[in-house]
Structure formats: structure tokens, C-alpha cells
Amino acid sequence: MARVLHNLLMFLISLALKIRVLGYWSLIYGYCALCAIVALLKLWWNIVLRPTTTFQWVIRETPPACLNDTSLGTHCYVRIKESGLRFHYVAAGERGKPLMLFLHGFPEFWFSWRYQLREFKSEFRVVAIDMRGYGESDLPLSTESYRFEYLVTDVKDIVEYLGYNRCCLVGHDWGGTIAWLFAIHYPEMVTKLIVLNCPHPSVFTDYALRHPSQLLKSSHYFFFQLPRFPELMLSINDFKALKALFTSRSTGIGRKGRWLTAEDLEAYLYALSQPGALTGALNYYRNVFSSLPLSHNHVRSPVLLLWGERDAFLEQEMAEACRLYIRNHFRLNIISGASHWLQQDQPDIVNTLIWTFLKEGEGRKSYRN
């Protein structure tokens, strides 16, 4: 009798798990379909309003002068032997100083860290990379090439190529996700972790599934699962959606901080208008649902989490919840009036808070190799 009950219990557990998995993927595909319908309606309305310009966009041939500003650093390239990929990065500060490595988000590239490259080069070897699929770094064609484990390994390979065995790691948005994961899997290589407007991946998963308001704000995650169509929608009307993302009142840079200049915007359009650039950026999203939830969660490095109070995409409640997964000092700063694009929107405040965090415990722990 006991054996029968045990087998029945195991069957029910297995059935419950299968139902849960089925529900999870049904939610994802159902939401993808809904987002596709909404996008089709937007496309139809664009064609009605602008029948001659909707499908016109321009590939920028010449980079704007700001991308060659020597005060930001030197443009360098590295080919990683294991992956075979070539990465572009901009570096400043003396070689041999502690490494501060910057990871950008979507849909950005190294240029999003321009204010920090200037600020921290006095005390650090600062390096802002174009992550795989972005900017001048190589763009793998396969969606599978953007799985979490490959993105994390890229960071490890670059740190070691630069001649370091650890770094102060700084990430924003998708770069923040990779920074969290890198600190989880390679704690010995992260002296301090600084994340801007990006929750711990486990916090995001748990919170989004329990809060429909966040699920709605994350609808682009579902829309971007579709092949080719998101690239089209981001390109029509000469990349109007991308321009709005950076400049609109609801989502853009500079509500109370620094406005994105016309030249800055052209820098983004130059990078994102290149053939295949949008696909590379979107491929990060196309692996996210198969990579979560995480099997390992805990971060053992000291963590600074900076959060823009008026982030249009991420709810602030997730920021405090990150504390659950940190097994070291955790500092959270909510920046009033700041947007999702925190390091560009409020660079002076961000830089000051980073300096304060870096100097905490300075006498107890060295950053040098």
C-alpha cells in the first residue's frame, strides 16, 4: 500500500510540474501572439498615415565625430581564441591600474558609458566593450550564440585577455543582467559589482510573474521573440521607434538631467542602422525564456545598485528585493527623477555614488591584481 501511495504521489508531482511548464510556455506564446497583433495594427496605421515613407530608412555610412572623441579613450580590438569572435572596446587610463569593465544594455553600445570613461580613467583602467552582436564587435548569426553562458564567458575571456584576473564590473540593463550572472558564476573575478537599472535575474522572473503591471511593461520581451518582424518595426520611418525610445517624454533620456544631443542620437542610429545590427541586439531577448529560472542565485561580491526612479520599463519594487540574493555588502540608491538610461541621464550623480561605493572599505581590500 505504501508503495502504491508513493507512486501516486510521484505521479501527481510529475503531472503538476508538466502543467506548470505548459502554463509557462502557453503564457509566453499567447503574449507573443497578442504583441504581434498590436504591432500589426501599428504597422497598418503607419502605412495609412505615411504610405510613402513607412518603409524608408537610411543606413548611416559615416560615424559622427563624437565616436572618435579622443578624450573618451582608444579604440581597440581583441579576437578571443576560444569563441573566434572579435570584440571592439574603448579603453582609457593607465595600463596596470585596476580594471573597471563596463557592459552596456539594449539598444546601446560602448558609447553609453562616455561620461564614466572620462570620470574614472584617473584611478582605473576603464574599458567599455561592444558586447557580441553590437557595434563593431562580431555578430554571430545563430540565435543560440546569445545564450547566457556564452555572454558570461565573453566577459571572462575579455578580462583575462586584458591581463587581469579580476575587475570592478559595471553593467546597465542587459549589461546588468550579464554582470549579475558573471558575479554569480565567477565571484573570485569581481572585486565590486555595480548595476544600473537592472534587477537580479531571479528577482525579475519572480516579480514579473506575480505582477501584471510589470509583465505589461515587459511586453517587448515577448514581441522580440518573433523572427524578423521586430527588426522591421524598429526600422520603419527611419528608425522612428528607436528615436522615440531615447528622446520621448515617457521613455527618453533627460527628463531632469542631460538631454541626448542630436549628435549623440546619430551615434546610436549609426550603430543600429548597420546591416544585421538590430538582429544581434534582439537575439539577447530570444534566449531569455529558455535560460530562466537560474540554478545558482547568490552574489558574493559587494554590490551597488543604482535605480532611476522614473524607469519606464522596470518597477522600483524589484530593486529592494535584490537584497535577498546578495551575501555581502549591498547598497541601493534610488535617484529621483532619473530615467532608465541612468548613466547618461544623471551622470554627475551616478559618478559620485560610484566613487563613494568604491572608496568604502578601501583600506581593507585592494583592487589590484
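Residues numbered from 1 in each chain as written. Predicted model: local features only at pLDDT ≥ 70, side-chain atom pairs only at ≥ 80, totals over all residues. Heavy atoms only, no water.

- Going by an unreviewed UniProt entry, the protein carries the name AB hydrolase-1 domain-containing protein and comes from Oreochromis aureus.
- Note on the protein: under the UniProt heading Sequence similarities (unreviewed entry), the record states "Belongs to the AB hydrolase superfamily. Epoxide hydrolase family." (UniProt positions renumbered as here; feature names shortened; annotations may be inferred.)

1. Side note on the packing of helix H8 (residues 229–247) against helix H9 (residues 262–272)
- Running from amino to carboxyl end, H8 crosses H9 at an angle of 140°, the nearest separation of the two axes being 11 Å. The angle between H8 and H9 falls in the class oblique. Note that H8 runs across H9; the crossing there is right-handed. When H8 is examined against H9, the residues Phe239, Leu242, Lys243, Phe246 and Thr247 are found in contact with a partner set consisting of Leu265, Tyr268, Leu269 and Leu272.
- Taken together, the residues of the contact of H8 with H9 sort by class into 7 nonpolar, 1 polar and 1 charged. (Axes fitted to C-alpha atoms, helices over the stretch in contact; angles between N-to-C directions. Helix = DSSP H or I, 4+ residues; strand = E, 2+ residues; numbered from the N terminus. Parallel < 35°, antiparallel > 145°, perpendicular 65-115°, else oblique. Left-handed = near helix turned anticlockwise from the far one by under 90°. Contact = heavy atoms within 4.5 Å. Nonpolar A, V, L, I, M, F, W, Y, C, P; charged D, E, K, R; others polar.)

2. With respect to the layout of surface pockets
- Of the volumes computed, that of the largest pocket is approximately 1200 Å³.
- Along the walls of the largest pocket sit 41 residues, with His220, Phe224, Leu234, Leu245 and Phe313 positioned nearest its centre.
- Where the lining of the largest pocket is concerned, the elements lending two or more residues are helix H1 (2–49), helix H4 (174–185), helix H5 (201–210), helix H6 (212–217), helix H7 (219–223) and H8.
- Tallying contributions element by element places H8 first for the lining of the largest pocket, with 9 residues.
- Here the lining of the largest pocket is built from residues that sort into 27 nonpolar, 10 polar and 4 charged. (1 Å grid on protein atoms, 1.4 Å probe; cavity = no way out; pocket = protein on both sides within 12 Å on 5 of 7 lines; lining within 4 Å. Points joined across faces, edges and corners; volume = space filled by probe spheres on them.)

3. Let's talk about the environment of Val303
- With respect to the helices and strands, Val303 occurs in strand S7 (residues 303–308).
- Look at Val303 and you get buried, because its relative accessible area is 0%.
- Remark: the alpha-carbon pair of Val303 and Leu169, spanning 134 residues in sequence, is separated by 9.8 Å.
- With sequence-adjacent residues up to four places away left out, Val303 is seen in contact with Trp180, Leu193, Ile326, His329, Phe330, Arg331 and Phe357. (Buried < 20%, exposed > 50% of the residue type's maximum accessible area, 1.4 Å probe, protein only.)

4. Brief notes about helix H3 (residues 148–161)
- With 14 residues, H3 ought to run about 20 Å at 1.5 Å a step, and its terminal C-alpha atoms sit 20 Å apart, in line with that.
- Residues of H3 that are buried include every one of Phe148, Leu151, Val152, Asp154, Val155, Asp157, Ile158 and Val159, and no others.
- Turning to H3, the residues buried within the fold contact strand S2 (86–92), strand S3 (99–103), strand S4 (125–129), strand S5 (167–172), H4 and helix H11 (288–291).
- Residue Gly163 follows H3 closely and has a positive phi angle near 90°. (Expected span 1.5 Å × (residues − 1).)

5. Topic: the nonpolar core
- Ranked by internal contacts, the top residues of the largest apolar core, which has 122 residues, are Leu169, Trp180 and Leu193.
- Each residue touching Trp180, except ones within four places of it in the same chain, is listed here: Leu193, Val195, Cys198, Pro199, His200, Pro201, Val299, Val303, Leu305, Cys322 and Ile326. (Core = buried A, V, L, I, M, F, W, Y, C linked by side-chain atoms within 4.5 Å.)

6. What to know about the sheet that holds S4
- Reading across the sheet, the 8 strands line up as S1-S2-S4-S3-S5-S6-S7-S8 and stay open at both edges, with mixed pairing between neighbours. Strands with a single pairing partner mark the edges of an open sheet, and in this sheet they are strand S1 (74–79) and strand S8 (330–335). Averaged over neighbouring strand pairs, the angle between their axes works out to 20° when direction is ignored.
- As defined by bridge partners, S3 adjoins S5 across 4 bridges and the pair is classed as parallel. Bridge pairing links Phe102 to Val170 in S5.
- Here H4 sits on the sheet in contact with S3, S5, strand S6 (190–196) and S7, set at roughly 145° to S5. (Pairing = 2+ DSSP bridges.)

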